Amino acid sequence: MTGSIAAIGAGLAAIGAGIGIGRIGGSAMEGMARQPEAASKIQAAMIIAAAFVEAVSLFAVVVALLGN
Amino acid sequence: MELVTPSIGLVFWTTVSFLILIFVLGKFAWKPIMKALDDRERSIEDALSAAEKAKEELTRLNNESEQLLKEARAERDKILKDAKDIKDATIADAKNLAKVEGEKMITKAKEEINNQKMAALAEVKNQVAGLSLEIAEKVLKHQLEDKSKQESLVNDLLKDVKLN
Amino acid sequence: MRNNRFFVVNRHAFVLIFALFSFVSINAFANTENVHSDSTQAQVNHTDSAAHGNAHAAGHGEEEKFNPSELILEHIADSYDWHLWGHTSIHLPVILYTDKGLEVFSSGKFNHGHDVYAGKNNYKIEHNHIVIVDAAGNVDEAASKKVLDFSITKNVASLLLSVTLLIIIFLSVASAYRKTEGKAPKGFQSMIEPVIIFVRDEVAKPNLGYKYGKFMPFLLTIFFFIWMNNMLGLVPFFPGGANVSGNIAFTMVLAVITFIVINLNGSKAYWGHIFKPHVPLWMYPLMIPVEIVGIFTKPIALMIRLFANITAGHILILSLISLIFIFKSALVATVAVPFAVFISVIELLVAFLQAFIFTMLAALFIGMAIEEPHADH
């Protein structure tokens, strides 16, 4: 039972992370479209930002695994 | 829970592996590799700058040779011009000389001609005078053959002469 | 753009990756949920499996109900022998440090967890751990807790293999540099060189500034160590297949080492930022704990990120393959196998990307720590 609840919470975290990464990707693409010459810099920054957001969802994975 | 509990064995072995790895690779791989990369980059940089310098040198040399060529050309033109001038001068000199010489010769010739003419004229005068004397002698001989004629003439002459 | 060939090539793939990160996570949740619901059953199975050889559940699929979560967990967990095929496996050495001294014996003595090995104590594998049992076969919990298990497990063997490979590869590359000094790289050397230059120019230099040289060995080692283990983990058969970089112990050690490197090189400005933040005095009780927690969350995030990403990738591929056995139909394979191949290819990229992100963030944190104080703030 606790596992299922943890999984629901983790799922909510995944939604948040999904929105976050989506926004990062979207904004990065907008930025790249606007300034193609800065594409490589934007890409590097995007990956780092996405990695941070992703870490949150991965914390949730761990919580789910802990709830086992 | 099992998944997120680190086991002491793997922690130990990972630590050992990583320390070995960073020691061995740091000493025998990264150091020479980074050094080689830096060296190569520096040598490439050096080669590039040397090439740049060589290029500059080449342009400089090119410019210089261009300059030299230009100078040489100018020199040649000058020499040619000088030669032409000299030639012209020589020709002019020669012409002048010839003219002067010619004139001199002409004057001389004219003088000569004059002299000759004078001489000839004198000769002719002498001859004419001789001839005239001869003619006058003959005419007079012929005229004054008889006495009457001689007397009339003397009379005529005496008539003309008035004592003044 | 110069050294960015990885990104340039994979620009489209990145979009996929980000889509996948969330997808992978969701899948991982789905699987863990499975694990939860089946855990009780798994426990029951496990107790009576001693006589039955549950370790080969997949091989005995006909006789038992196929249990995907158990299979997946078994594959991503550590084990004392390295399964090759069918009933063939390599028995790896078990090294135990107990209060009765050091014990070294082959894991074959356990006969895949069926037998009790009588050394200085009686040992038995229970729930994938070595425990001490008494003569009657009951687990001696108190004594078991004192056993320090330094066994060469599947993960440790894979780890040692990766270390050996890395040492061979980079020593040969280093000797190649000595041979072709001042010349263009050749063969394998030219394959490794762009990666080293990538780490130097894209990871170290932008984050560490002119001091990058000091940290290059650490960054390169951590990058290639993670990458090699990620790649070996993706090989589905013998020399690979161990989930080393998806093991929390492995990532924890790397994170702890990174933590030590960050804090040992912390400048005055770094510590000043933590203990004397530029905020009004009344906010100190709030800010200082936050900053102190921040010191620890950075490496913990590194640890969790690598662990969860790689584990999730393994879980995803295995669950796709498990679909075939769940539906007991070869027809499913026509969908599941290409999809598993596709995910495997993505995982190849993730293997690189995670190594890159770990190194990148380590460099970023070190760069923040060594930063000299400047006028603004």
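Residues numbered from 1 in each chain as written. Chains lettered and ligands numbered in written order. Predicted model: local features only at pLDDT ≥ 70, side-chain atom pairs only at ≥ 80, totals over all residues. Heavy atoms only, no water.

### Description of the overall build of chain A
To keep things clear, this is the line we draw: In this text, helices come from DSSP runs of H or I with a minimum length of four residues, and strands from runs of E with a minimum of two, each type numbered from the N-terminal end. Method for areas: the Shrake-Rupley scheme with a 1.4 Å probe, in which residue coverage is limited to the protein chains shown.
From N to C terminus, chain A includes two helices and zero strands. Accessible surface, chain A as shown: approximately 3,400 Å² in total, 71% of it carbon and sulfur.

### Quick look at the overall build of chain B
Convention followed: Within these notes, the globule rule equals 2.2 Å times the number of residues to the 0.38 power, and the radius of gyration is based on C-alpha atoms. Throughout, exposure labels follow a simple rule: accessible area from a 1.4 Å probe, protein chains only, divided by the maximum for the residue type, with under 20% read as buried, over 50% as exposed, and the rest as partly exposed. Positive charges are assigned to Lys and Arg, negative charges to Asp and Glu, while His and the chain termini are left out of the count. For charged residues, the charge sits on one atom: NZ in Lys, CZ in Arg, CG in Asp, CD in Glu.
When helices and strands are tallied, chain B shows two helices and zero strands. Its C-alpha atoms give chain B a radius of gyration of 65 Å, clearly above 15 Å, the size a compact globule of 164 residues would have. With the C-alpha coordinates aligned to their principal axes, the bounding extent of chain B is approximately 200 × 30 × 25 Å. Residues counted as buried form 12% of the 164 residues belonging to chain B. Carbon and sulfur atoms make up 63% of the accessible area of chain B, which totals about 13,500 Å². In chain B, which carries 28 positive and 30 negative side-chain charges, the distance between the mean positions of the two groups comes to 2 Å.

### Let's talk about the sheet that holds strand β7 (residues 129-133) of chain C
All names here are of chain C. In plain terms, the rule: A pair of strands is treated as paired once DSSP finds two or more bridges between them.
Reading across from one edge, β5-β6-β7 is the order of the three strands in this open sheet, with antiparallel pairing throughout. If you trace the sheet from one side to the other, it starts and ends with β5 (117-118) and β7, each paired once. Relative to strand β6 (residues 122-126), β5 is paired through two bridges, and the arrangement is antiparallel. Each bridged residue has a counterpart across the sheet, and for Tyr117 the counterpart in β6 is Tyr123.

### What about the interface of chain B and chain C?
Using the following cut-off: Residues count as neighbours in contact if any of their non-hydrogen atoms are within 4.5 Å of one another. We define buried area as the total accessible area lost by two parts upon association, computed with a 1.4 Å probe and summed across both. A pairing counts as a salt bridge when a side-chain nitrogen of Lys or Arg comes within 4 Å of a carboxyl oxygen of Asp or Glu. For the purposes of these results, a polar contact is taken to be a pair of N or O atoms within 3.5 Å, where, inside protein, one atom must be able to donate a hydrogen and its partner to accept one; residues adjacent in sequence count only when each atom of the pair is a side-chain atom.
Opposite the 33 residues of chain B that make contact, chain C presents 48 residues. For the pair chain B and chain C, the summed buried area comes to about 3,600 Å², and 80% of that belongs to carbon and sulfur atoms. Here chain B is connected to chain C by three salt bridges. Residue Arg200 of chain C is joined to Glu41 of chain B by a salt bridge in which the shortest nitrogen-to-oxygen separation is 2.8 Å. For the pair chain B and chain C, the number of links is six residue pairs in polar contact (both at pLDDT 80 or more).

### Points about the packing of helix α10 (residues 284-327) of chain C against helix α11 (residues 330-370) of chain C
Residue and element names in this part refer to chain C. Short version of the rule: Angles here are taken between N-to-C directions and fall from 0 to 180 degrees, while the axes themselves are lines fitted to C-alpha atoms, restricted in helices to the stretch in contact. In these notes the angle categories are as follows: under 35 degrees is roughly parallel, over 145 is roughly antiparallel, 65 to 115 is roughly perpendicular, and the rest is oblique. Just so you know the grouping, Ala, Val, Leu, Ile, Met, Phe, Trp, Tyr, Cys and Pro go in nonpolar, Asp, Glu, Lys and Arg go in charged, and all remaining residues, Gly too, go in polar.
Contact geometry of α10 with α11 gives a least axis separation of 10 Å together with a crossing angle of 175 degrees. Taken as axis vectors, α10 and α11 run roughly antiparallel relative to one another. Here the contact of α10 with α11 is composed, by residue class, of 22 nonpolar, four polar and three charged.

### Examining the sheet that holds strand β4 (residues 101-106) of chain C
Residue and element names in this part refer to chain C. Across the sheet, which stays open at both edges, the three strands sit in the order β4-β3-β8 with antiparallel pairing between neighbours. Whereas interior strands pair on both sides, the edge strands pair on one side only; in this sheet they are β4 and β8 (148-149). Across six bridges, strand β3 (residues 93-98) lies against β4 in antiparallel orientation. Residue pairing for β4: Leu96 is matched across the bridge by Glu103.

### With respect to helix α8 (residues 248-264) of chain C
The cut-off we apply is this: One less than the number of residues in a helix, times 1.5 Å, gives the span that helix is expected to have.
With 17 residues, α8 of chain C should cover 24 Å at 1.5 Å per step; its first-to-last C-alpha distance of 24 Å lies within 8% of that length. Counting buried residues along α8 of chain C, twelve of its 17 residues qualify, which places the element largely inside the surrounding structure. All of the buried residues in α8 of chain C are Ile248, Ala249, Phe250, Thr251, Val253, Leu254, Ala255, Ile257, Thr258, Val261, Ile262 and Asn263 of chain C. The inward-facing, buried residues of α8 of chain C abut α1 (8-143) of chain B together with α5 (154-179), α7 (212-234), α9 (268-275), α10 and α11 of chain C.

### Examining the environment of Pro289 of chain C
Examined against the element boundaries, Pro289 of chain C turns out to sit in helix α10. It is 51 Å that separates the C-alpha atoms of Pro289 of chain C and Phe325 of chain C, two residues lying 36 residues apart in sequence.

### Overview of the side chain of Asp149 of chain C
With respect to the helices and strands, the residue Asp149 of chain C is situated in strand β8. In this structure Asp149 of chain C touches Ile8 and Gly9 of chain B together with Tyr80, Ile95, Leu96 and Ile130 of chain C, once residues within four positions along its chain are discounted.

### Topic: the environment of Gly137 of chain C
Here Gly137 of chain C shows up in the loop between β7 and α4 (141-145). Each C-alpha atom of the pair Gly137 of chain C and Phe307 of chain C lies 35 Å from the other, and the pair is 170 residues apart in sequence.

### Looking at unusual backbone geometry
In this model, Lys328 of chain C sits at a positive phi of 50 degrees, which is unusual for a non-glycine residue. Here Lys328 of chain C falls in the exposed class, since its relative accessible area comes to 68%.

### Concerning the packing of aromatic side chains
Basically, it comes down to this: Two rings from Phe, Tyr or Trp (for Trp, the six-membered ring) form a pair when their centres are within 6.5 Å of each other. A pair whose planes differ by under 30 degrees is stacked, one over 60 is edge-to-face, and the rest are tilted.
Under the counting rule described, the total for this entry stands at 23 aromatic pairs over all chains. Centre to centre, the rings of Trp30 of chain B and Phe170 of chain C are 4.7 Å apart; their planes meet at 55 degrees, and the pair counts as tilted. Residue Trp30 of chain B is found in helix α1, and its partner Phe170 of chain C is found in helix α5; the two belong to separate chains. Look at Trp30 of chain B and you get buried, because its relative accessible area is 1%. Take Phe170 of chain C: its relative accessible area is 1%, and that puts it in the buried class. A ring pair is formed by Phe105 of chain C and Phe110 of chain C, whose centres lie 5.5 Å apart and whose planes are at 70 degrees; its orientation type is edge-to-face. Just as Phe105 of chain C is buried, Phe110 of chain C falls in that class too.

### A few points about the pattern of salt bridges
Across all of its chains, the model carries eleven salt bridges over all chains by this definition. One salt bridge connects Asp77 of chain B with Arg76 of chain B, and the closest N-O pair in it is separated by 3.4 Å. Assessed through its relative accessible area of 41%, Asp77 of chain B is described here as partly exposed. Each of the salt bridges in this network shares a partner with another, and the network as a whole consists of Asp38 and Glu41 of chain B together with Arg200, Asp201 and Lys205 of chain C.

### So, the environment of Ile222 of chain C
All names here are of chain C. Structurally, Ile222 can be placed in helix α7. Take Ile222: its relative accessible area is 0%, and that puts it in the buried class. Measuring from C-alpha to C-alpha, the distance between Ile222 and Phe356 comes to 9.5 Å, with 134 residues separating the pair along the chain.

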